[in-house]
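A look at the structure
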Amino acid sequence: MLDTQVTKAPPSLLYMVKQVELVVRSHLDELVRPSGITALQYTALTVLERHDGLSAAQLARDSFVTAQSIADLVRSLETRGVVRRERNPSNRRELRILLTKEGRALLAQHEAPVRELEERMMRDLTAHQTEQFRQALTKAWHALS
C-alpha cells in the first residue's frame, strides 16, 4: 500500500522574515504610540542615535523607508522637536538631521520596553543561539546589499 501523505515544504525564509518583521512592527507601534510616534519614526530616531547628523537620503536608506517618505517623517519629527536640521558645513546644499535633547529623552523613555520586547522575541534561544541569529541576519543583509 502506498503512503498517500504528502510532506509540505516549510515556509520560505523570506516569508518567515516578513512574518517576524510584521509582528515586531506591530508590537513596536503599540509601545511607542502613547508617545505620539510610529514604529518607523522610532526606527529613524534610533538610527540617528547611532549616526547623528545624517542626510535625508542616508537616513532613508538606514531607516528602510523611501527617500520620498523620509521628508514627511523628518518634518513630523522636527515639528515635535525631537530632531532638528542644520546645514552641513562641508556641503552647504545638504541638510543634516540631528537628534535634539528631547529626541534623546524620548528614546531613553522607550529603551527598557523595547529591550523587553527583544528579550521576549529571543527568550527561547540561548545567548549563543541569539548571537548566531544576529550573525546570520547580518550575513543575509550583506548578501543582498
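This write-up is about the structure you can find in this document.

What counts and how
- Residues numbered from 1 in each chain as written.
- Predicted model: local features only at pLDDT ≥ 70, side-chain atom pairs only at ≥ 80, totals over all residues.
- Heavy atoms only, no water.
- Helix = DSSP H or I, 4+ residues; strand = E, 2+ residues; numbered from the N terminus.
- Buried < 20%, exposed > 50% of the residue type's maximum accessible area, 1.4 Å probe, protein only.
- Areas by Shrake-Rupley, 256 points an atom, 1.4 Å probe, with all protein chains shown as cover.
- Arc of directions from axis to C-beta.
- Contact = heavy atoms within 4.5 Å.
- Polar contact = N/O pair within 3.5 Å; in protein donor to acceptor, adjacent residues only side chain to side chain.
- Pairing = 2+ DSSP bridges.
- Core = buried A, V, L, I, M, F, W, Y, C linked by side-chain atoms within 4.5 Å.
- Salt bridge = Lys/Arg side-chain N within 4 Å of Asp/Glu carboxyl O.

Right, let's get into the overall build of the protein. When helices and strands are counted, the protein shows 6 helices and 2 strands. Helices (α) and strands (β) of the protein occur, in sequence order from the N terminus, as α-α-α-α-β-β-α-α. Here the protein holds 145 residues, and 26% of them are scored as buried. For the protein, the exposed area adds up to about 10,700 Å²; of that, 56% sits on carbon and sulfur atoms.

Below, the discussion takes up helix H3 (residues 56–63). Buried residues of H3: Leu59, Ala60 and Ser63, and no others. Axial view of H3: buried residues confined to an arc of 100°, hence all on one face. Buried residues along H3 sit against helix H2 (39–50), helix H4 (67–80) and strand S2 (91–99). With its phi angle positive at about 65°, Phe64 sits one or two positions after the end of H3.

Our focus in this paragraph is the side chain of Gln41. Tracing the backbone shows Gln41 in helix H2. A polar side-chain atom of Gln41 sits 2.9 Å from the main-chain amide nitrogen of Thr38. Ignoring any residue separated from it by four or fewer positions in sequence, one finds Gln41 in contact with Gly36, Leu73, Ser76 and Leu77.

A separate point is the pairing of strand S1 (residues 83–88). Bridge analysis of S1 against S2 gives 6 bridges, and the strand direction is antiparallel. The residue bridging Val83 from the neighbouring strand is Leu99, located in S2.

Core analysis: the biggest nonpolar cluster contains 24 residues, and Leu45, Leu59 and Val83 have the highest contact counts within it. Listed by contribution, the elements that provide at least two residues to this core are helix H1 (13–32), H2, H3, H4, S2 and helix H5 (101–122). Considering each element in turn, this core owes the most residues, 6 residues, to H2. For Leu59, the contacting residues outside a window of four places in its chain are Ala44, Val47, Leu48, Leu54, Ile70, Val74 and Ile97.

Attention now moves to the pattern of salt bridges. In this structure the tally under the stated criterion is 9 salt bridges. Put simply, Arg75 and Asp72 hold a salt bridge, and the shortest N to O gap is 2.6 Å. Placement of the pair is Arg75 and Asp72 together in helix H4, with a separation of 3 residues, close to one helical turn. Accessibility expressed as a relative area gives 42% for Arg75, which makes it partly exposed.

On to the environment of Leu117. Tracing the backbone through its elements, the reader meets Leu117 in helix H5. A relative accessible area of 15% places Leu117 in the buried class. Along the chain, Leu117 and Gln68 lie 49 residues apart, while their C-alpha atoms are 30 Å from each other. Each residue touching Leu117, except ones within four places of it in the same chain, is listed here: Val24, His27, Leu28 and Leu31.

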